[in-house]
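Next come the chains, spelled out residue by residue.
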Amino acid sequence: LELLLDLLSYPQTRTHVASFISSHNLTVKLVLSKLYRDQSFVLFRQQVNMLLDSERMEGGMGSSTSNSSALMEKGVDRLIYQRAHTLQKLLHRHYVEEASDVVFAGVGRVTDATWLREKIGLWSENTLYDVCYRLRLVDDKDIGSSTAEIAEQLGCTRRDLLTSIIIYHQASRQSDATVLSAAPIFPTEELLWDPHSVPPGNFSLASNVQSLSLPKLNARFLSAGDYLLRNFHLFRLECAYEIRGDIVDVVKRMRPALKQDGYTDPNDYYGGAQEDTAHQDDFGKTEFQGWARMGLQLKSNKEDKQGFRIIRVDPPRLGQRFPSNVVAELVLDLYHCATSLASEWDQLREFDNLFLVAVDATTISASQTEDRKIPDEEDFSFPERFGVRAVRGVTVLEVRDEAGVVLSDPALAYEEGGKPQPKGKRRFLRVALDPAQYAADATGRGSSLGTDVYDTFNLVVRRQGKENNFKAVLETIRGLMRGGAHSMYRSIPSWLMPVLLGYGGDPSAASFLSPQMKSFASKTAGVTSPNAALDFGDTFLDDKHLKDSFPGCNVIVNGHQDSSSTRNNYRVKVTDDSVEATAYTSPTTSSGNPIRFTPVQVQAIRSGLCPGLTTLIGPPGTGKTDVACQIIANLYHSFPTQRTVIVTHSNAALNDLFDKVMARGDVDERYMLRLGAGERNLSTTSSSSHDFTKPGRVAHILSRRNDLLEKVQQLSESLNLSSAAERGADGAPSYTCETAE
């Protein structure tokens, strides 16, 4: 099965292998086999499901294009509709009375698996076989292909086999975008401790596993949808491995145990047994005898409300089968937390991810302290040993204290007197659940308890911010797939897509000097040709630096070969063996570039100013950040109406690049914005006094507005158009942006 999956994932072999599998009805036989119907053979079932998904992908079903072998969603639907029309015409000719419902039904009905199975159940077995035979799906005359013998080997009836074969070939299948939109973002307990999907990190512990039900990243992909789908599943599983380790660490430190008496702490913040009826019978309940910095026990509040409760479930959007939003309230008790620990929980912000864990000490099956050779993070029996029953993820929408102040509001930091201290020891969190997971729980597919599983959570786990941004990445991938694979084609340039998917031939075609890139630049409006004059700004320190940067070329500055000793900026046009440079006076508002770039670095800067893919590779200290900073500055001056997005692997690298851009002084501070968790550290490392976070940018614009309105007010008073008496009570200008004209 793993070999078949590998062959189906390559465009060169998919066309032939997919036709072979379809003609032999291999997938149907696998699904009807006794091995697949046995729930204990998890790996086999997962591999077969992956085979079904691979056949469903928008990258095959008989396609044989040379560059992508990808059928888009409309092409797949068109093929299914043609098969439906063929079936209807055949039934109309031979079985119009027995199959009249199918003959005169719409194509949407005929391609619906549930409806078609119901109508096929009314046909006789002979009719069913004859239809399959006329559609060239089966032939009992072939040696070893008797449907009766095959059904006997599979342990099913001949009728079930023939019915499944017709539905396999005639029913429509969900597109990649539909499957991905209904896939949960957060991992659950089933995925976290599934050894076939999230294997141990130590290979020696998984040496007995010959194959895994994991998608693979190949050198070539079938389509943009295939590329996104594989990355979505793999990244989700990678995050699940890290999340499992964090949850295991918190649960171990919390030390869940079975409460043996009805004793209640008299210092309980919620009033003890006299006031809280939910705590009157503590016998047989789970208690936590330890503590964890990243975990907190969920309790009920004074009003007998649960520590976690769902408060709103919005109806589905048009065309969807799960709620549009599921909002819940989470109550945290910080009474027993130290001041430093409570301040960490108060740092929760909007869009942070938390995990809810249901721990039932009555299901603990073994000693938690016994010596084990396998680490708890790699032990798949950990849920049974520590009583973990369920895990669900939530996203923070807002955090309030007991006074109702929204602590997660970033604007509080800019109020007069600074951010106020939270009131009380309780925190009320408004959180969003995964709608797809909630729908699965409601139908019993996600949890056998249904939605009652949300009443069993008694532990909340948080993670470090830099490790907890997986949801944004997964939602971005799902957003690209939401409108079909075409959304990715709109987001990524056409010249980069063949290189990204691996079917573009030579990757150097994405270089700015390649004929393909020159042709793209000449045919696309607004794209600078590599042969055009490029504004290098202050890349070169002087004329000698300019000439040394193009060895072997005839360099002409300002139309002649005389050099100047003054510092100039240069606009350079490179054609074959000649370089024509035009010097212009460098502005005095910036400190300029102090680095004498090498010819290789100048070539990289030139590549960054041209359309194409620019890749800088080198060990630390070779000037990669300086080259990137120079490219950013040149792009800013060459294309002032466009935006530049800078993404790095770490917050420290981005802050370093940000500081170097700021130190140059030629990029106006008001045009710079820092996103991500590293924005907190940027204010301490940057030489600027401005706050480059989103709220800081808003505050900067408002401050600049007040300064300009004050100048308008002073000008108006000097011209006797207004008086100081017209100012506000606090001396604020009487003008607004609308009346300042």
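Residues numbered from 1 in each chain as written. Predicted model: local features only at pLDDT ≥ 70, side-chain atom pairs only at ≥ 80, totals over all residues. Heavy atoms only, no water.

This part is about empty space enclosed by the protein. Scanning the model with the defined rule gives one cavity of 30 Å³ or more in all. Its boundaries defined by the atoms lining it, the largest cavity holds a volume of some 50 Å³. Contributing to the lining of the largest cavity are F186, T188, R392, G393, L433, D434, Q437, Y438 and Y454. Of all the secondary-structure elements, those providing two or more residues to the lining of the largest cavity are strand 7 (388-400) and helix 19 (435-442). Of the residues assigned to the lining of the largest cavity, the class counts are four nonpolar, three polar and two charged. (1 Å grid on protein atoms, 1.4 Å probe; cavity = no way out; pocket = protein on both sides within 12 Å on 5 of 7 lines; lining within 4 Å. Points joined across faces, edges and corners; volume = space filled by probe spheres on them. Helix = DSSP H or I, 4+ residues; strand = E, 2+ residues; numbered from the N terminus. Nonpolar A, V, L, I, M, F, W, Y, C, P; charged D, E, K, R; others polar.)

Residues W193, I247, F355, V357, V388, V391 and L459 are the most contacted members of the largest nonpolar core, which totals 45 residues. In this view, I247 contacts L192, W193, F355, V357 and V391; residues no more than four positions away in its chain are not counted. By size, the runner-up hydrophobic cluster in this structure holds 34 residues, among which are L32, A84, V102 and A105. (Core = buried A, V, L, I, M, F, W, Y, C linked by side-chain atoms within 4.5 Å. Buried < 20%, exposed > 50% of the residue type's maximum accessible area, 1.4 Å probe, protein only. Contact = heavy atoms within 4.5 Å.)

Attention now goes to the packing of helix 11 (residues 147-154) against helix 12 (residues 158-170). For the pair helix 11 and helix 12, interaxial distance at closest approach is 8 Å and the crossing angle is 105°. One element, helix 11, and the other, helix 12, form an angle in the roughly perpendicular class. Across the interface between the two elements, T147, A148, I150, A151 and L154 of helix 11 pack against R158, L161 and L162 of helix 12. For the contact of helix 11 with helix 12, the class distribution of residues is six nonpolar, one polar and one charged. (Axes fitted to C-alpha atoms, helices over the stretch in contact; angles between N-to-C directions. Parallel < 35°, antiparallel > 145°, perpendicular 65-115°, else oblique.)

Turning next to helix 20 (residues 470-482). Relative to the 18 Å expected for 13 residues at 1.5 Å per residue, helix 20 spans 18 Å between its end C-alpha atoms, a close match to the ideal helical length. Buried residues of helix 20: F470, K471, L474, I477, R478 and M481, and no others. Across the axial projection of helix 20, the buried residues extend over an arc of 130°, all falling on one side. Looking at the buried residues of helix 20, the elements they touch are helix 13 (176-181), helix 15 (224-254), strand 6 (353-359) and strand 7. (Expected span 1.5 Å × (residues − 1). Arc of directions from axis to C-beta.)

Strand order across the open sheet formed by seven strands is 3-9-6-7-8-5-4, with antiparallel pairing between neighbours. For this open sheet the edge positions go to strand 3 (295-297) and strand 4 (308-313), each flanked by a neighbour on one side alone. Strand-to-strand twist of the sheet, defined as the mean angle between neighbouring strand axes without regard to direction, takes the value 35°. In the sheet, strand 6 pairs with strand 9 (residues 459-462) via four bridges, with the strands oriented antiparallel. By the bridge assignment for strand 9, F355 is matched with V461. (Pairing = 2+ DSSP bridges.)

Turning to the sheet that holds strand 12 (residues 568-575), a few remarks are in order. Read across the open sheet, the four strands follow the order 10-12-13-11; overall the sheet is mixed. Sheet topology places strand 10 (534-537) and strand 11 (554-557) at the edges, where each strand pairs with a single neighbour. On average, each strand axis in the sheet is tilted by 25° relative to the strand beside it, whichever way the strands run. Of the pairings in the sheet, the one linking strand 12 to strand 13 (residues 578-585) comprises eight bridges and is antiparallel in character. Each residue of the ladder has a partner; that of N568, found in strand 13, is T585. Most of the contacts of helix 25 (residues 599-609) go to strand 10, to which it runs at about 130°, and overall it touches strand 10 and strand 12.

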